[in-house]
Amino acid sequence: MKNTVFTGLIAATAIAVAGGAVYARGGHHGAPIDFETLDSNSDGQITKEEMQARGAARMASADTDGDGFLTQEELEAAGAERARAFASRMIERLDANADGKLSAEEMQKPDRAERRFDRVDTDGNGTISEAEFEAARANMKGHRKGRAPAE
């Protein structure tokens, strides 16, 4: 029993510490986390303990049978719930005609596509070279790993 609790606490701590930056950004696809939520004692500062408590709460929420471990089924259920919430927010944000569906036009706003293209087309010549493409891909990998973008 002690090993189960200890293992659960270690896992929760690892999730909290390693995922701190992700939580601050709102999780991979999760709802944005505001400062007040993380600052659980409202002292104007977020401590490691508060981050760990947030991670432990997420672990407990996903651990539906309360055994201190996350099974594949529990992880899939937690992921499905996050996906439902993400889809709901996306429709709410992008559904311009409020029909409950997203058209190709609603999904891909021209100005957003142009901005993305222009960010990758670093020399501004109207085309994306293989070097620009690879640089953008490396930059994205850096963002996903929580590191500063590649230069």
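No experiment lies behind these values; they were computed from the predicted model shown.

Participant: Looking at this model, I keep getting lost on helix α5 (residues 72-94). Mind explaining?
Facilitator: Owing to its 3.6 residues per turn, the α-helix aligns residues three or four sequence positions apart on the same side. An ideal rise of 1.5 Å per residue puts 33 Å on 23 residues; α5 measures up with 32 Å between its terminal C-alpha atoms. Within α5, burial applies to Glu74, Met90 and Leu94.

Participant: What is the right way to look at a nonpolar patch on the surface in this model?
Facilitator: A cluster of nonpolar side chains, contributed by Phe117, Ile128 and Phe133, occupies part of the molecular surface with about 250 Å² of accessible area. Residue placement: Phe117 occurs in helix α7 (residues 110-120). On the accessibility criterion, Phe117 (32% relative accessible area) is partly exposed.

Participant: What should I look at first to understand the pattern of salt bridges in this one?
Facilitator: Under the criterion given, the structure shown has two salt bridges. A salt bridge links Glu81 to Arg84; the shortest N-O distance between them is 3.0 Å. You can see Glu81 and its partner Arg84 sitting in helix α5, three residues apart, about one turn around the helix. Arg137 is paired through a salt bridge with Glu134; the nearest N and O atoms lie 3.8 Å apart. Here Arg137 and its partner Glu134 are both found in helix α8 (residues 130-144), three residues apart, which amounts to about one turn of the helix. On the basis of relative accessibility, which here comes to 42%, the residue Arg137 falls in the partly exposed class.

Parameters at a glance
- The residue numbers shown here count from 1 along each chain, following its written sequence.
- Whole-chain, interface and lining totals are the exception, using all residues; otherwise, since this is a predicted model, local features are given only for residues with pLDDT of at least 70 and side-chain atom pairs are given and counted only at 80 or more.
- Only heavy atoms go into the side-chain values, all of them from the structure, while hydrogens and water stay out.
- The helix count covers DSSP runs of H or I at least four residues long, the strand count covers runs of E at least two residues long, and both are numbered beginning at the N terminus.
- For a helix, the expected span equals 1.5 Å multiplied by the number of residues minus one.
- Categorising residues by exposure relies on relative accessible area from a 1.4 Å probe, with only protein chains included: less than 20% of the type maximum marks a residue as buried, more than 50% marks it as exposed, and the intermediate range marks it as partly exposed.
- Patch construction takes residues with relative accessible area above 30% that form no salt bridge. Like charges are linked within 9 Å, and nonpolar side chains (Val, Leu, Ile, Met, Phe, Trp, Tyr) are linked within 5 Å.
- In short, Shrake-Rupley with a 1.4 Å probe defines the accessible areas, and a residue's cover is counted only from the protein chains shown.
- Salt bridge, as applied in this entry: a Lys or Arg side-chain nitrogen positioned within 4 Å of an Asp or Glu carboxyl oxygen.

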